[in-house]
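# Summary of structural features
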Amino acid sequence: MSVYLDNAATTKPCEEAVDAAVKMMRENYGNPSSLHRAGLDAQLVMDKSRKVIADSIGADSSCLYFTSGATESNNLALRGIAGAYGKRKKKIVISAVEHASVDETASALETQGFEVVRVSPRDDGRMYAADFVNACDENTCLLSMMLVNNETGYILPVKDTFAAVKRRFPDIVTHCDCVQGYMKLPVKVTAMNADIISISAHKIHGIKGVGAIYIKKGVRVTPVITGGKQEKGIRSGTESTPLIAAFGAAAEKLLPTISERYKTAEGLKSYLLDKLKDVEGVSVNSPEDGSPYVINISAEGRRSEIMLHFLESKGVYVSSGSACSKGQQSGVLGEFGITGKRADSALRVSITAETTQQELDAFVEALKEGYEKVRG
Ligand code: PMP
């Protein structure tokens, strides 16, 4: 038996998603750009997914474009805005705890002459709208800020920040990487004051290799991938209709239960934290009011990777920090004040509402054993 507690890295595709993808491959394999019936049939399924996903974020379908995933959506947001507005406005403001797909892209733009300002959490580990407003100015084209941090579960004050920034600088384009929040917290583009958002299917029980970007009407984005002008030219390349059908099916399934699942996840998080109180050497790195789906802890003096492989030998899968950084320590924990040995021993446990108490028990038992047996 394996206990999968790495849902922030990826989730198991739900049956509905798998069925939808298989059905497309078996029965509806036309190219949605083709003008004949087979093309139209594929187009209809894609339209349905687009509508379901757009509705789920309170957006019009015409503003939602499919991509290969959130890495591409984030690249398109940053490079696309830099391309469209960067001649006159050369400054980009991001949070200092962004996923690499935003952070590295901002660094790449830095080498092209953009000034990038990274806003850090304060000493209390929290971020403040005022700090972002102060970082912005008339020369700023883009503010990019994630909704939920993928390493600690910290929920950033996106709504307040975007509202405050828009009040002072109405022309700054606001982008939110909603990957770890979508289908867990309500994500509504208007309420958030977001001009652009990025989401990914495989974090919501869809399939890897598809995501979406919402771009508000009137916001100009220079395409990163050019070609046959699919997705209204915003993202050329034949759409992956099986993955898109699966994305829609997963979103449709999860949407009605966001708050119910959140409560369940909260219960599971407090169950786990309670259990961990009795475990020697364990400290919690996630904020109390963070997303209940991501719980970051440290087992003092036990290096993440060694502990991770010990847990794996017991059938328990977790992640060290962020799965995307693959062994490379990211600076994000340090930004939250978690440094040195504590950062070296950080483990990320990420759950779903379907995670069971027994699974969390199995993790805690394995962790206890690992703490005794693992050295270094
Ligand atoms: N942003 C965040 C916050 C993420 O957690 C991830 C996935 N680890 C991504 C972006 C990238 O998403 P994708 O895997 O769809 O490229």
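Everything below is about the structure shown above.
Quick notes on the rules
- Residues numbered from 1 in each chain as written.
- Predicted model: local features only at pLDDT ≥ 70, side-chain atom pairs only at ≥ 80, totals over all residues.
- Heavy atoms only, no water.
- Helix = DSSP H or I, 4+ residues; strand = E, 2+ residues; numbered from the N terminus.
- Rg over C-alpha atoms; globule rule 2.2 N^0.38 Å.
- Buried < 20%, exposed > 50% of the residue type's maximum accessible area, 1.4 Å probe, protein only.
- Contact = heavy atoms within 4.5 Å.
- Areas by Shrake-Rupley, 256 points an atom, 1.4 Å probe, with all protein chains shown as cover.
- Pairing = 2+ DSSP bridges.
- Axes fitted to C-alpha atoms, helices over the stretch in contact; angles between N-to-C directions.
- Salt bridge = Lys/Arg side-chain N within 4 Å of Asp/Glu carboxyl O.

### Side note on the overall build of the chain
Regarding its fold elements, the chain presents 13 helices and 12 strands. Taking 2.2 N^0.38 as the reference for a compact globule, 376 residues should give roughly 21 Å; the C-alpha atoms of the chain span a radius of gyration of 21 Å, in line with that estimate. Counting every position in the chain, which comprises 376 residues, the buried fraction comes to 57%. Taking the intrachain contacts of the chain between residues at least 6 apart in sequence as the baseline, contacts between residues at least 24 apart amount to 73%. Total accessible area on the chain is roughly 16,200 Å²; 51% of this is exposed by carbon and sulfur atoms.

### Considerations on the side chain of serine 49
Mapped onto the secondary structure, serine 49 falls in helix α2 (residues 37–56). A residue is classified by how much of its surface remains accessible, and serine 49, at 4% relative accessible area, is buried. Once residues lying within four places of it in the same chain are set aside, the contact partners of serine 49 are Phe66, Ile244, Ala245 and Gly248.

### Topic: the sheet that holds strand β5 (residues 140–144)
Consider a sheet: its strands pair through backbone hydrogen bonds, and that pairing is either parallel or antiparallel. Strand order in the open sheet made by the seven strands is β2-β8-β7-β6-β5-β3-β4, with mixed pairing throughout. The two strands at the open ends of the sheet, each matched to only one other strand, are β2 (64–67) and β4 (115–119). Between one strand axis and the next, the sheet turns through 20 degrees on average, direction left out of account. Both strand β3 (residues 91–95) and β4 contribute to a ladder of five bridges, which runs parallel. Bridge pairing links serine 95 to valine 119 in β4. Along the sheet face, helix α4 (residues 100–110) touches β3, β4, β5 and β6 (173–177) and points at about 150 degrees away from the line of β4. Each of β5 and β6 touches helix α6 (residues 158–168); the most contacted strand, β6, lies at about 170 degrees to it.

### Structural notes on the pattern of salt bridges
Taken as a whole and assessed by the stated rule, the structure comprises 19 salt bridges. The closest approach of N and O atoms between lysine 216 and aspartate 195, which form a salt bridge, is 3.9 Å. On the criterion of sequence distance, the pair formed by lysine 216 in the loop between β8 (211–215) and α8 (241–254) and aspartate 195 in the loop between α7 (189–192) and β7 (196–200) is long-range, its members being 21 residues apart. Judged by relative accessible area, aspartate 195 falls into the buried class, the value being 3%. Note that lysine 314 and glutamate 369 form a salt bridge whose closest N and O atoms lie 3.1 Å from each other. Taken together, the residues lysine 314 in the loop between α10 (304–313) and β11 (316–317) and glutamate 369 in helix α13 (residues 357–373) connect sequence positions 55 residues apart. You can call lysine 314 partly exposed: its relative accessible area is 39%. Put simply, Asp103, Glu110 and Arg118 are held in one network by salt bridges that share partners.

### Some words on unusual backbone geometry
The phi dihedral of asparagine 193 is positive, around 60 degrees, even though this residue is not glycine. Looking at the secondary structure, you find asparagine 193 in the loop between α7 and β7. Phi angles above zero are rare outside glycine, and glutamate 231 is one such case at about 50 degrees. The exposure class of glutamate 231 is buried, given its relative accessible area of 6%.

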